[in-house]
Amino acid sequence: MDLTTLIGDVNRLVHESSPTHFFASLFYAEYEPATRVLKYVNAGHNPPIVLRAHDGQCAMFHLKPSGMPVGISADSRFTTTTFQLEIGDIVVAYTDGITEVENRNAEPWGQRGL
């Protein structure tokens, strides 16, 4: 089953079995080691980050959202996106709980802290 169909089915199940106004963000990915291709659906979730070291520098790539959160509408559509990983890449997936945590001065950690 392709990812678009899979997440569409998950969306319908969440919509049908949840109270009104319930929704959830979701990031789902499948990785093919032979080709290093990451296929994913990002349904309104914080965009995971790919870190890539090159010549002593670190490049960051944000994996783009590809749909709204699941459960909002039974007929929501989701798009599968691909990202070509390279040897040594690191994928960082996280929730907003990490970026919204506060330090001792009650300042949010934020994207920069992540």
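Refer to the structure above for everything that follows.
Report on the accompanying structure. (Residues numbered from 1 in each chain as written. Predicted model: local features only at pLDDT ≥ 70, side-chain atom pairs only at ≥ 80, totals over all residues. Heavy atoms only, no water.)

Another aspect to go through is the sheet that holds strand β6 (residues 90-92). On the basis of which strands lie adjacent, the open sheet formed by 3 strands has the order β4-β3-β6 and antiparallel pairing. At either margin of the open sheet sits one strand with a lone partner, and together these are β4 (57-62) and β6. Within the sheet, the average angular offset between the axes of one strand and its neighbour, ignoring direction, is 25°. Bridge analysis of strand β3 (residues 49-54) against β6 gives 3 bridges, and the strand direction is antiparallel. Of the residues in β6, the one forming a bridge with L51 is I90. (Pairing = 2+ DSSP bridges. Helix = DSSP H or I, 4+ residues; strand = E, 2+ residues; numbered from the N terminus. Axes fitted to C-alpha atoms, helices over the stretch in contact; angles between N-to-C directions.)

Taken together, the 7 bridges between strand β1 (residues 26-32) and strand β2 (residues 37-43) define a ladder with antiparallel strand orientation. Following the sheet pairing, E32 is matched in β2 by V37. Counting the residues in the hairpin turn of β1 and β2 gives 4 residues, including R36, whose phi is positive at 60°.

At 3.6 residues per turn, the α-helix brings residues three or four places apart onto the same side. With 15 residues, helix α1 (residues 3-17) extends 21 Å between its outermost C-alpha atoms, agreeing within 8% with the 21 Å of an ideal straight helix rising 1.5 Å per residue. Those residues of α1 that fall on the buried side of the exposure criterion are L3, I7, G8, N11 and V14. Projected down its long axis, α1 carries its buried residues within an arc of 130°, all on one side. Exposed side chains of α1 directed beyond 90 degrees from the buried face belong to L13, E16 and S17. Next to the buried residues of α1 lie β1 and β2. (Expected span 1.5 Å × (residues − 1). Buried < 20%, exposed > 50% of the residue type's maximum accessible area, 1.4 Å probe, protein only. Arc of directions from axis to C-beta. Contact = heavy atoms within 4.5 Å.)

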